[in-house]
Structures are given as structure tokens and as C-alpha cells.
Amino acid sequence: MSELKHGNSSSLSNDEDHSTPDVLISDSDRRFFQSLCEFIAHEKRYLQCPQEGADELRYSVYRTAFSKVIARSTTYKKLLLTIKGEYDDVIRELQRREGEARMVRRNLEASTSHPRSLITCQRRAAELRERISAHQSKTAELKEEIKRWKSSVEQSTWIPGLTVAESVDLEALDRHLKHLEAQRAALLDEKSHRVSLEVKAELDAELQAAERHRDQLQTKNNQLNVLHKRLRFVSGHLHTWENKKLVPLEELLRSMLEDVGQLSVTDDEARGIDTELFEDEEPTGVNESRFRTDYLHRFTELFDSARYEEAALHAARSPRGFLRNLDTMEMFKGVKGPPSSAPPLLLFFEALLTTLSVGDKLSAALSLHFTRCALEHGATQLLTHAVNTNKLTFCEDLGDVLTEHAQKNRRAADRYLAFANVAYEACGLDRKVALSMCMRGLTHSAASFMKERKNFTAEDSMWVLSRWPSLPLLRLLTDPEPGHAALLSVGVACSTLLADPRQPELALQLLDGFVSRGRGVLEKVILEDSRSSVDVWTIVSSLCFKMNRVDLSQAIRSVLLDQSGTGALSPDLEGARMMEHIFL
């Protein structure tokens, strides 16, 4: 410690051995200093301060004692505080200098004891400077290379089919190379099936000649079709005249000649005539077996060469339709066409529909598969044509497929639900016809349809309501028409809907509507509901009570009590049998 501290401690130590000077004549001052000396002596013993030399603990003890003296003084308090502050500043400065000296000594000792560490650090610093210099030179080289690369890029084009990022990505370039190699192999394979330009020119000339011959035959065929239709017309009238002979033959021939001149043949009629004529000319027996074998061989050849459109048309025109079946369909279903072409399965169904004769239809199984295929590939026009021209055999599954697709595609839901409606009507499924009409928003039409059907029961109505909960539909079905009873009984409908945990709100809304129009409306509904006994309405009241709709329960019970005259109705199901029927 400093000399100042030592001098201070020595002076205070001498005061411990002498009494307080006589100038302090006050007894309280004498007692204070006596207690202060005792405090100093006690603290030094407790802290085990050394008798001589500078010590931090002794400084703390005397600093505390001096603070007590300042706190007791009055006149010289400010002076003493200034002295104490200067004293503390000197002590802190000495402590700071002593700490710095201690740090310097420690650093000197470390440098003299470990000279190798300094050399190592210097060597490491030199290595790092060399590496920084190498990196800087490498960075400069890379910058120059980037500049050269950018300048070359500006003068060239990127690889077609690749983005800028993919053009510098090795993996993307490898994938693109494999894709190009696959395209090259496909082109070479396709080239092997090609012919020279000279052969192509000859084939084009033959094709044009064949097309001209085909047009000539088509014209002649149309003329023969018209002639065939006229002959059938004349034959039919002559056969009728031969049986009845209502008019003279000359008058019949005159009228027939006038009508025959106006006859024409549509495309569908021509196709039907061709089919009818050619069926009579199809081979039979051994010739038929050989013909089918050759026909099947030609179909297999077209199919294996991936000429799916020609193969589909060939199969659709097969004699007696032996290739118009599910097995052929599965063959087209199991293959894929070129990327930009229509699916082979859709081509097969399109060929089947276009080659159908007038009045003929696809089988039920093929109709179902066609519908699924058309919906999957978005062939809406083809499906519409097939439905409108009545070329499908409808079944319940087909209608369900259309309904399910309509629920997934809200934008075109009305069209597919209309198709489903046609299918359900063809199958006589009145329930689903009404449901599809409700799903299309035709609530009034559905209610009218259900009322017009004689075999449409209350159970069927509840089936529709359970699958399409609609308050307007429920009101229409429970509202009686003049001269006709309602299709649904209000009591039976409410009891059934309230018992169903999925539909209680519908019945509650109906009852709330009656109550909101006045008590007389509810009373009139209950009294006119001849198909619901008091037991049914008691059950309705009990169910309303269990659903915490005490207001509805009390309103119904009040009407029943007014009609019964006396007695009390229990809201429980066990008390539902306590009254007799009131509709007598």
C-alpha cells in the first residue's frame, strides 16, 4: 500500500494508546470516540489485519470509522467530506497504478518464460498473410474468367429447352442429353419405317386415285341407298294394299310416285342400310372362321404398330361385332398413345359410337366404362352426343358415376346431373330422379315429380330428404293441395327427422315456422294431419323437450290437451300412450 495509508494507520494506532485530548470536553463526544476506538480494535481483530504494512482491510476499517465521525460532526461536515473524497481518490489512483504494474510484470514474465509462443504466432501470421495473398490472386483470376464467360454468353444463345440455371447445371445437362438421345433413337426407329421421297410420291398418287374412286363409290352408294329406301317404301305400301285393298291400285301408285320423289336418306339411315345389307353378305361356316382370323390378324397388326385410331375403327367395324367387347376395350385401356394424341381407349369408344347403327346402343358394361373414360379425359362433347342420340344403355351405376362427378366439378354440375337424371329415368329409379333434381336446384319440380308419381311413397320422400335436407322441399311435401292430401304427414315427418341425429334441425325449423305464424296455424296443422295419431304428436313433443325446445313441446302439448279436454301429457316417451286418438 501507499505511504499515505501507512501514515494514517499509524496515527490512528497511536490514538488507541492515549486518552482523548482535553479539548473534547463533552461526555457524549468522549463516549463516542471511546466506542469508535473499540469498534476499530474489534474489526481489526475480527478481520485479522496485520500489525504493520499497507493492507486493504485496515483501510476499509478506518474508512468506515471516518465516515462515522463525519456523520456525527455538524460544523466541519462539508470539510471532512471533501477531505474524505480526496483521500479516496488518491487511494483509487494508487490501486489502479498498482494493478497496471502487476499486469506489466505478468506479461513480462510470460514473454520471458515462453519465447517460442511468440515465434510461433509470428510464423502463423506470416502463413496467414501468404494464404490471403494467394486467395486474392485466385479471386482476381476468377473475376477475369467470369468476365470472359459473360462476354461469350452475350455472343451466343442458350441451349433450347433449358433455362439459364439449367444451362450451367451438370445434372440438368446430363438429363437433357439423355432426353435428346431418346428422341434421336425414336426418330431413327421411325425413320426405319419410312420410305424414300420417290416411293412417297407414288403412294400419294395411289392414295389420291383411291380417294377419287372412293368418292365415286360413295356417290353411287348414296344413290343406291336412296333407291333401296324408295323400293322398300313401295314394297311396304304394296304389301299393305294387297292385304286390305282400300283404294284402287292406280290411285295408290300415283300417290306413291309423288311421295317417293320426296324421299332422301340421312347419314344414320345410310349407315343402317349398309349394315343391314352387309350382314346378309357376311361369310358363314368355314369361310366365316377364316375371315375372322384374317380380320383379327389385321387388327393385331394395327394395334401392335401403335396405329390405335385405325385399330379402333377396324375393331368397331368387325363382322357381327366380335371385337366390340370388354376384352378389346381392356387392350386399349392398357396402352398409351403419343404425348399429343387422344388416349387409345377414348379412340376405341369414339369408333364404337360412330359406327353404331340407328337404334343400336352400347352394352351396359361398355356404356359404364365409356362414361368413366369420357369423364376422366374431359370428353364432354362426345358424352353429350352419346346421351342425346340415345346410344348408351343406362344403368344405376352409370347414373351414380355421373352424380359423383358432378359433386366434384361444381362448374359443370348441372350438365352431369341432367345426364344422371336421364339415366335414372331410364332405369325407373324415381328416388334418385327426384334427388338429382333437388341437387340441380329444381326443388319445386322435384316436389311436383314426387307428387305425380303414384308409386312414390312417404318412405321414398323421407329417403330424398335424408340425403338432401331442404326446408322448402319439406314444406312442399307436407303442404296439401286443394282436393289432394299432402305427400308427407307433418307429424310422421317431424318424428322421423327428430329421431335422426343428423336431421333434427330441419324438423325444428318447420315447427318454428308454424309457431311463428300463430298458435292457430300449428293447431290447424295438427288437426288436419289425419295420418298422424296423438301418439305420434306426443312423441314429437317429447323429442322437442329432450332437445331443450320446451317452447315447441309446450305448444304441441297445449294443442293436444285442448282437443282431449282433460288429462296431462308427459314429455317422456313412456307417457306417450296415455291419450286416445283425437282425430275421430
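Refer to the structure printed above.
Predicted model only: the values in this text are computed from it and were never measured.

Enquirer: Break down the overall build of the protein chain for me, with residues and values.
Expert: Scanning the protein chain from terminus to terminus reveals 27 helices and zero strands. Across the 584 residues of the protein chain, 31% fall into the buried class. In the form shown here, the protein chain has an accessible surface area of approximately 38,700 Å², with 54% of it arising from carbon and sulfur atoms.

Enquirer: Tell me about the environment of Leu527, residues and numbers included.
Expert: On the secondary structure map, Leu527 appears in helix α25 (residues 519-528). A relative accessible area of 34% places Leu527 in the partly exposed class. Each C-alpha atom of the pair Leu527 and Gln563 lies 9.0 Å from the other, and the pair is 36 residues apart in sequence.

Enquirer: Talk me through the nonpolar core; I want residue IDs and the actual numbers.
Expert: Counting 93 residues, the largest nonpolar core has Phe332, Phe349, Phe370, Leu383, Leu392, Met450 and Leu511 as the members making the most contacts within it. Once you skip the residues sitting within four places of it in the chain, Met450 turns out to touch Ala434, Phe456, Ser461, Val464, Leu473, Leu477 and Leu487. Leu36, Ile40, Tyr62 and Ala65 belong to the second largest nonpolar core, which has six residues in total.

Enquirer: Just give me the short version of the pattern of salt bridges, but keep the residues and values in it.
Expert: A side chain with one charge can pair with a side chain of the opposite charge if their charged atoms come near. According to the stated counting rule, one finds 22 salt bridges in the structure shown. Between Lys432 and Glu396 there is a salt bridge, with the nearest N and O atoms lying 2.7 Å from each other. One end of the pair, Lys432, is in helix α19 (residues 430-439); the other, Glu396, is in helix α17 (residues 396-408), with 36 residues separating them in the sequence. Assessed through its relative accessible area of 17%, Lys432 is described here as buried. Glu396 gets classed as partly exposed once you look at its relative accessible area, which sits at 33%. Look at the salt bridges and you will find they share partners, linking Glu93, Arg96, Arg97 and Glu100 into a network.

Enquirer: Explain helix α20 (residues 443-452) to me, and be specific about the residues and the numbers.
Expert: Among all positions of α20, only Thr443, Ala446, Ala447, Phe449 and Met450 are buried. One face of α20 carries all of its buried residues, which in axial projection span an arc of 160 degrees. With respect to the buried face of α20, the exposed residues turned more than 90 degrees away are His444 and Glu452. In this fold, the buried residues of α20 make contact with α19, α21 (458-467) and α22 (471-478).

Definitions and limits used
- Note that residues are indexed from 1 along each chain, following the sequence as it is written.
- At least 70 in pLDDT is required for a residue's local features to be given in this predicted model, at least 80 for side-chain atom pairs to be given and counted, and no such filter applies to totals for whole chains, interfaces and linings, which use all residues.
- Hydrogens and waters are ignored; side-chain quantities use all the structure's heavy atoms.
- Note on conventions: DSSP H or I runs of at least 4 residues are helices, E runs of at least 2 residues are strands, and numbering of each starts at the N terminus.
- Only protein chains enter the area calculation, which uses a 1.4 Å probe; residues under 20% of their type maximum are buried, those over 50% are exposed, and those in between are partly exposed.
- Note on areas: Shrake-Rupley with a 1.4 Å probe; residue coverage comes only from the protein chains shown.
- Buried Ala, Val, Leu, Ile, Met, Phe, Trp, Tyr and Cys residues form a nonpolar core when they are joined through side-chain atoms within 4.5 Å.
- The contact criterion used throughout is that any non-hydrogen atoms of two residues lie within 4.5 Å.
- Every case where a carboxyl oxygen of Asp or Glu lies within 4 Å of a side-chain nitrogen of Lys or Arg is listed as a salt bridge.
- Throughout, the arc means that of the directions going from the helix axis to the C-beta atoms.

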